[in-house]
Amino acid sequence: MLVLTRKRGESFLLDDEIEVMILDIEGGTVRVGIRAPKSVLVLRRELKMTSRQNQSAAVLPSDQAVAALLLRFQNR
Amino acid sequence: MPSLIARFSGPVDYNDDAVIRIPSGLPPFVNQTRYLLLSSEQKSPLVFLQSLDEPELCFIALPVLSIDSGYELRIEPEDLAAIHHRGASSDLLCVAIVTFSGDGPVTANLMAPVVIDTQTRLGVQAIRADGRYSHAEPLPSGAAERETPCSS
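Here's what I pulled together on the structure shown here. A quick note: this is a predicted structure, and the numbers were derived from the prediction, not measured.

On a plain count of helices and strands, chain A comes out with two helices and three strands. For chain A, the succession of helices and strands along the chain, N to C, is β-β-β-α-α. Taken over C-alpha atoms, the radius of gyration comes to 21 Å for chain A, far larger than the 11 Å a tight globule of 76 residues would show. Taken over the C-alpha atoms alone, chain A extends approximately 55 × 35 × 20 Å along its principal axes. For chain A, the proportion of contacts with a sequence separation of at least 24, taken over those separated by at least 6, is 0%. Surface exposure of chain A reaches about 5900 Å², of which carbon and sulfur atoms provide 53%. Each charge sign in chain A was given a centre, from 12 positive and 9 negative side chains, and these centres are 7 Å apart.

Here is the structure:
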């Protein structure tokens, strides 16, 4: 992984047309501004992971698998 | 009274009052915004988030506290605003969507629980960014799955 050190107000470029700027740093939180063409999709990583997970979760299991899970909770 | 064939429990009659609206949907299913939360005594503690817009779409979920009794809900102000939450935190119902993957363990998304305000009947999938819980937390295995100690 490439590691860069930037200060508040500094930025870097991705592929010449995407600019990422460090707007603010406070406590453990960094505010980032992104300037990119409309065609570039910007997603928080957690949203992407949740989206994938929901897609897998929408494939429903067999009745037997559900019954096996229930058994686990009833045996606790 | 409207009714639908629920993906898991068969025909269900429901009142419009029972409908839960999730305005931003459950990504990537952002156009499916109306759900019923179905539960039954036999299938407790499982709950079923059944889409009303797409009858084939249904999620199995578990109350987060039934998975981890020490679970601490952390929800961003914009998510609370999205469900018009003004009352007590006891009005919030918090469930984690369960994924059954082919041969892997059954997991629950504790990173992004579905939080429903029972007063406003609005819900949101509240994604937390603090890295404390996984989007695929293996569910605790019960007694039936515990390995028996090797005797030899």
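Residue and element names in this part refer to chain B. Burial within strand β6 (residues 58-63) is extensive, with five of its six residues counted as buried. Bridging between strand β5 (residues 47-51) and β6 involves four bridges; their strand directions are antiparallel. For Q50, the partnering residue across the bridge sits in β6 and is C58. Taken together, β5 and the strand that follows it, β6, pair antiparallel across an intervening segment of six residues. Pairing of β6 with strand β7 (residues 92-99), which is carried by three bridges, proceeds in the antiparallel orientation.

Residues and elements named next belong to chain A. A cluster of nonpolar residues, I25, V30, V32, I34, V40 and V42, forms a patch on the protein surface that exposes about 450 Å² of accessible area. At three residues, the largest contribution of residues to the nonpolar patch is made by strand β3 (residues 29-35). Residue position: V30 is located in strand β3.

The next subject is the nonpolar core. By size, the foremost hydrophobic cluster in this structure holds 38 residues, and its most contacted members are L69(A), L36(B), L46(B), I60(B), V98(B), V115(B) and L139(B). Mapped onto this core, the elements with two or more residues apiece are α2 (63-74) of chain A together with β1 (3-6), β4 (34-38), β6, α1 (64-67), β7 and β10 (122-125) of chain B. One finds I20(B), F29(B), V114(B) and I116(B) within the second-largest nonpolar core, a separate group that totals 16 residues.

With an omega of 5 degrees, the peptide bond running from P27(B) to P28(B) counts as cis. On the secondary structure map, P28(B) appears in the loop between β3 (20-21) and β4. Cis geometry is adopted by the peptide bond preceding P45(B), which originates at S44(B) and carries an omega value of 5 degrees. Here P45(B) is to be found in the loop between β4 and β5. The phi dihedral of D15(A) falls on the positive side, at around 60 degrees, and the residue is not glycine.

The interface is formed by 24 residues belonging to chain A together with 40 residues belonging to chain B. Between chain A and chain B, a total of about 2800 Å² is buried, with carbon and sulfur atoms accounting for 67% of that surface. When the area that chain A buries against chain B is broken down by residue, the three leading residues are Q53(A), L60(A) and R72(A), summing to 23%. At the junction of chain A with chain B, the criterion picks out zero salt bridges. Along the contact surface separating chain A from chain B lie five residue pairs in polar contact (both at pLDDT 80 or more). Within the residue set of the side of chain A that touches chain B, elements represented by two or more residues are α1 (45-57) and α2 of chain A. No other element matches the ten residues that α1(A) contributes to the side of chain A that touches chain B.

This paragraph deals with the environment of T33(B). All names here are of chain B. Positionally, T33 belongs in the loop between β3 and β4. A relative accessible area of 23% means that T33 is categorised as partly exposed. Considering only alpha carbons, one finds T33 and S51, 18 residues apart in sequence, at a separation of 7.5 Å. Residue contacts for T33: discarding those within four places in its chain leaves I20, R21, I22, P23, G25 and D53.

What counts, and at which threshold
Residues numbered from 1 in each chain as written. Chains lettered and ligands numbered in written order. Predicted model: local features only at pLDDT ≥ 70, side-chain atom pairs only at ≥ 80, totals over all residues. Heavy atoms only, no water. Helix = DSSP H or I, 4+ residues; strand = E, 2+ residues; numbered from the N terminus. Rg over C-alpha atoms; globule rule 2.2 N^0.38 Å. Contact = heavy atoms within 4.5 Å. Areas by Shrake-Rupley, 256 points an atom, 1.4 Å probe, with all protein chains shown as cover. Lys, Arg positive; Asp, Glu negative; His and termini not counted. Charge placed at Lys NZ, Arg CZ, Asp CG, Glu CD. Buried < 20%, exposed > 50% of the residue type's maximum accessible area, 1.4 Å probe, protein only. Pairing = 2+ DSSP bridges. Patch = residues over 30% accessible without salt bridge, like charges linked within 9 Å, V, L, I, M, F, W, Y side chains within 5 Å. Salt bridge = Lys/Arg side-chain N within 4 Å of Asp/Glu carboxyl O. Core = buried A, V, L, I, M, F, W, Y, C linked by side-chain atoms within 4.5 Å. Buried area = accessible area lost by both parts, 1.4 Å probe. Polar contact = N/O pair within 3.5 Å; in protein donor to acceptor, adjacent residues only side chain to side chain.

None of this, on its own, says anything about what the molecule does.
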